[in-house]
Amino acid sequence: MEFYTTCLPRSSMSYCAHPRLSPPIPQSKQFLSFRIKNAASTSSVPAPPATTPSSSRNGNITTKSLTEKLSSAMDQLDIERGVCIPFRKYTPETVRNKVLESRGAILSLIGRGVEIVWNLGLYWSALTYDCLVGRDEEVVPYRARQLRNLLCNLGPSFIKAGQVLANRPDIIREDYMNELCILQDDVPPFPNQEAFSIIEEELGQPLEKVFSRISSETIAAASLGQVYRATLRETREDVAIKVQRPGIEPIIYRDLFLFRTLASFLNGISLRKLGCNAELIVDEFGEKLLEELDYTLEARNIEDFLENFKNDPTVKIPRVYKQLSGRRVLVMEWIDGIRCTDPEAVKEAGIDVNGFLTVGVSAALRQLLEFGLFHGDPHPGNIFAMRDGRIAYVDFGNVAVLSQQNKQILIDAVVHAVNEDYAEMANDFTRLGFLASGTDVSPIIPALEAIWQNSAGKGLADFNFRSVTGKFNQLVYNYPIRIPERFSLVIRSLLTQEGICFTLKPDFKFLEVAYPYIAKRLLTDPNPALRERLIQVLFKDGLFQWKRLENLIVLAKENVAKMNQNPALQVTNTQNSRNWQVEKKLDLTETIKDGARMFLIDAGIRRQLIMALTEDSKLHIQELVDVYRLVEDDVDIPAVAFEVLQDLPSVTRDLMLSWSEAVLSDR
C-alpha cells in the first residue's frame, strides 16, 4: 500500500472526518479489485519518514531556514496523521507574528517569561534538592500536589497543559499523572455584564430580541469560557449559550510563543527520551488549544457528529444554531439528561443500565474505528443518559481525528494482538507515530508480549483498560516512545468512559461489550480493508481457525441482541424512524457473497479452505454444521443463493480475468 496524505479544505482537522469529505467505502463487489496474495500475511503501511529541522551550516538561521525549521514539526504531524491541512488555525509562524505585532509585546513577553521561568525554576530546584538528599521518592505525593497548584496559579494555558500531561505517560511519571488527573478546569465566572456584551456583539442585536429568558447564573465556568441556559423568543426552545472568556486569546498566544521558545532548549532531552523534538509536543498542544478557542470550529464539529449519527436512534447530538453563533459565542440545543455519575437517578428513570452501557461503548467504538472523529473529552459532565435510553454528548471543542490509514493500523494492531504477533504490534507503534522511523523495536517486543499476555490471560472477567494502561505507562516512560496527541485523547477517552461504566455498574466488563462490536464489524463491514483483516484473523500459520469463526459469530449476535434491548429502539411513529439503521438480526449476506467470490477467484484462499476442510486426512463436516447452526436463524439461505446467482456474471468475469492474468504471468 502506498503512503499518501489527504488534503483537507479550510477548517480545523476535525472537518476531515465529515462523511461528505471522506473517501467513499468500496462496496463488496469491488472487494477483489486488489489481490490477497497470502491470506495469513499481514498488510503494512510504510512508516512516515523522519523529518528534522533545517538550519544553515554556519549556525545563523536565515528567514527562509527559520520558516522551514518552524514548519518541519507541523509537516511531520501531517505525515503521521495521513492528512495535510492547507489552512491552519495554528502554526508557529502565526503565533509568532500574532504575539509580536501588538504594542508592548516585548515587555509583556519578558514579564511573563520571567514569571514562568522563576516559578518553574523554583520547582525544578526543589526536585533537584530532593534527589541530592535522597528523599525524592518519599516526597512524590507532596511534589505532585505542588505541581498541580503551580499550574493552576500560572493560568489557563498551564491548566490545559496539565490536563494534557495527565494523559502523557511518555513525558511524566504515573504518580504525577494521577495527581494531574484531578486538575480542575473550574474557575470563578467572569461578570454577566461582560458575557452578555460579548453575546450581543456576536449577535449584532440586543439579547431581548433573541432570548425571552437567560439564566442569571452560569451553568458551568471554565478557564476558556462559561455556559448559560436560555430560551429562544421565537421558538421557545431551551438552548445552551457558550461564551468565551474576554481577553483570553492574546494570553493563550503569548503563552504558546513562550512554550515553544522554552521547548527549543529541551530538544536534546526530548530526542533522547521521546525520539522527537520538544517543539513537536508544543505544536500538537497549541494546535488543539487554538481550535478550542474558535467556536465556529466547534459548531462544525457538532454538525459532523450529527451527520455521523443521523441514522443511529441510540445517540443524541445537540443541534447547533449557526445563525446565532460566532467565533466567541456558540448556541446549542439544551440537553435535558441525567448525569452518568448518578446511578440512582438513572435507575429511577427506568433506564436499562446494561442496554445503556452497550449503547455507550458501541458509540465510542464507532467514533474511533468507523468515523475516525471522536469526542476527546468525554468526562461525566459531557455525557448524559436520556430518559428514553439514548446517550447524549455535549461540548465538542476538543475532538480528534484519525485518518483512514490510522484506523486501519489500529485494526491491524487488534488483529496482531489476536494472533499474538508481537513483532508486528511493535511495528504498528512506528506506523502510528509512537516511535521514530528506523527505531529498533526488538527491545519493546518482550515488554509488549508480557503486558498483553498478562492482561489477556486473566480473561474478560478481570480485564480493564486502567490496568493495561498502567503497565503501558511504565513501558512508554522507560523507552523512547512518544504518544501522539490524538492517541493520548483516545486513551483518555476510553479510560474516562470505562470509569463512567464502572460508576453505573461496578462489575461492568468493558471488553464484554467491545469484543462483540468489533466481531460484528469484522463480519459485516464491506470495507475491503476490514475484509482483509477478517481473513488474517481466520487464518493462522496457514490454517483456518474454525473456533475463531464460531466465536466471532456468537459475539456479533450478542452485540445485535444487546443493542436491541435499548428502549430507544422501541420508539414508533417517529418522523425519522424510517431512516434509522436498526439491525434486528446479524446480516451476513454480503460476507457470504464475498466469501463465495473469493473461493471461486482466489486460488490461495481456495487451496487453504480445501486444506481446512480436509485437515488430518478427514473431512471436517462437523465444523461446517456447527457454523451453519449458528447462522441458520439469521441467514435466508435461498435469498443468499439467489443473490449469488445474480452476481454470477460478475464473478465469471473476475474469474476469467484472474485466469488470464495467471496465464500471462506464467509466460
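As the structure is a prediction and not an experimental result, all values here were calculated from the model. (Residues numbered from 1 in each chain as written. Predicted model: local features only at pLDDT ≥ 70, side-chain atom pairs only at ≥ 80, totals over all residues. Heavy atoms only, no water.)

On to the overall build of the protein, then. A count of helices and strands for the protein gives 27 helices and 15 strands. Evaluated residue by residue, the protein yields a buried proportion of 51% over its 667 residues. Contacts spanning at least 24 positions in sequence make up 71% of the contacts within the protein whose residues lie at least 6 apart. For the protein, the exposed area adds up to about 31,700 Å²; of that, 55% sits on carbon and sulfur atoms. (Helix = DSSP H or I, 4+ residues; strand = E, 2+ residues; numbered from the N terminus. Buried < 20%, exposed > 50% of the residue type's maximum accessible area, 1.4 Å probe, protein only. Contact = heavy atoms within 4.5 Å. Areas by Shrake-Rupley, 256 points an atom, 1.4 Å probe, with all protein chains shown as cover.)

Moving on, we get to the sheet that holds strand β9 (residues 338-339). One open sheet accounts for 4 strands, arranged β7-β12-β11-β9; its pairing is mixed. Each edge of the open sheet is held by one strand with a lone partner, namely β7 (315-316) and β9. The pairing of β7 with strand β12 (residues 391-393) spans 2 bridges and is parallel. Bridge pairing in β12 places lysine 316 opposite alanine 392. Packing of helix α14 (residues 353-371) onto the sheet brings it into contact with β7, β11 (383-385) and β12, and relative to β12 it is tilted by some 45 degrees. (Pairing = 2+ DSSP bridges. Axes fitted to C-alpha atoms, helices over the stretch in contact; angles between N-to-C directions.)

Let's shift gears to the packing of aromatic side chains. Tallied over the full model, the rule gives 7 aromatic pairs. Seen from their ring centres, phenylalanine 158 and phenylalanine 259 are 4.9 Å apart, and the 85 degrees between their planes marks the pair as edge-to-face. Placement of phenylalanine 158 in helix α5 (residues 156-165) and of phenylalanine 259 in helix α9 (residues 248-263) is noted, with a sequence separation of 101 residues between them. Here phenylalanine 158 matches phenylalanine 259 in class, with each residue buried. Through a chain of ring-to-ring contacts, the aromatic side chains of Phe158, Phe259 and Phe285 assemble into a single cluster. The ring of tyrosine 253 carries the charged tip of lysine 98 above its face, separated from the ring centre by 5.5 Å. (Phe/Tyr/Trp six-rings, centres within 6.5 Å; stacked < 30°, edge-to-face > 60°. Lys NZ or Arg CZ within 6 Å of the ring centre and 35° of its normal.)

The next thing to look at is the packing of helix α20 (residues 510-524) against helix α21 (residues 528-538). Closest axis-to-axis distance for the α20/α21 pair is 8 Å, and the angle between their directions is 110 degrees. Judged on the interaxial angle alone, α21 and α20 are roughly perpendicular. The handedness of the crossing between α20 and α21 comes out as left-handed. When α20 is examined against α21, the residues Arg521, Leu522, Leu523 and Thr524 are found in contact with a partner set consisting of Leu530, Arg531, Arg533, Leu534 and Val537. Looking at the contact of α20 with α21, its residues break down into 5 nonpolar, 1 polar and 3 charged. (Parallel < 35°, antiparallel > 145°, perpendicular 65-115°, else oblique. Left-handed = near helix turned anticlockwise from the far one by under 90°. Nonpolar A, V, L, I, M, F, W, Y, C, P; charged D, E, K, R; others polar.)

Along the chain, threonine 524 turns up in helix α20. Within the structure, threonine 524 has its side chain in polar contact with the backbone oxygen of lysine 520 (distance 2.6 Å). Beyond its immediate stretch of four places on either side in the chain, threonine 524 contacts Arg531, Leu586, Asp587, Leu588 and Thr591. (Polar contact = N/O pair within 3.5 Å; in protein donor to acceptor, adjacent residues only side chain to side chain.)

This part covers unusual backbone geometry. A positive phi is found at arginine 236, a non-glycine position, where the angle reads about 65 degrees. Along the chain, the position of arginine 236 falls in the loop between β5 (225-232) and β6 (238-244). Positive phi values are uncommon outside glycine, yet aspartate 395 reaches one of about 65 degrees. By the secondary structure assignment, aspartate 395 is in the loop between β12 and β13 (399-401). On the accessibility criterion, aspartate 395 (26% relative accessible area) is partly exposed.

On the surface, Leu100, Ile106, Ile110, Val114, Trp118 and Leu122 cluster together into a nonpolar patch covering about 630 Å² of accessible area. For the nonpolar patch, the element with the most residues is helix α3 (residues 105-132), which contributes 5 residues. Along the polypeptide, isoleucine 106 turns up in helix α3. (Patch = residues over 30% accessible without salt bridge, like charges linked within 9 Å, V, L, I, M, F, W, Y side chains within 5 Å. Salt bridge = Lys/Arg side-chain N within 4 Å of Asp/Glu carboxyl O.)

If you walk through the whole model with that rule in mind, you get 37 salt bridges. Residue aspartate 412 is joined to arginine 431 by a salt bridge in which the shortest nitrogen-to-oxygen separation is 3.0 Å. One end of the pair, aspartate 412, is in helix α15 (residues 404-418); the other, arginine 431, is in helix α16 (residues 422-432), with 19 residues separating them in the sequence. Judged by its relative accessible area of 4%, arginine 431 is buried.

Moving on, we get to the side chain of arginine 112. As for its position among the elements, arginine 112 is in helix α3. When its relative accessible area of 8% is taken as the criterion, arginine 112 is described as buried. In this structure the side chain of arginine 112 is engaged in a polar contact, spanning 3.0 Å, whose partner is the side chain of glutamate 115. Once residues lying within four places of it in the same chain are set aside, the contact partners of arginine 112 are Leu154, Phe158, Arg254, Asp255 and Leu258.

Glancing now at the environment of phenylalanine 434. Along the chain, the position of phenylalanine 434 falls in the loop between α16 and α17 (444-456). Residue classification places phenylalanine 434 among the buried residues on the basis of a relative accessible area of 8%. Put simply, phenylalanine 434 and proline 484 are 50 residues apart on the chain and 6.5 Å apart in space, counted from C-alpha to C-alpha. Those residues in contact with phenylalanine 434 that lie beyond four places of it in its chain are Phe429, Phe472, Pro480, Ile481, Arg482, Ile483, Pro484 and Phe487.

So, about the confidence of the model for the protein. Residues shown with low pLDDT carry predicted positions that ought not to be read at fine detail. Mean pLDDT over the protein: 78, with 78% of residues reaching 70 or higher. Residue range residues 1-70 is modelled with pLDDT below 50. Its contacts to residues more than four positions away, or to other chains, number 140 contacts. Across residues 572-580 the pLDDT falls below 50, and counting only partners more than four positions away or on other chains, this stretch makes 7 contacts in the model. (pLDDT = per-residue confidence, 0-100.)

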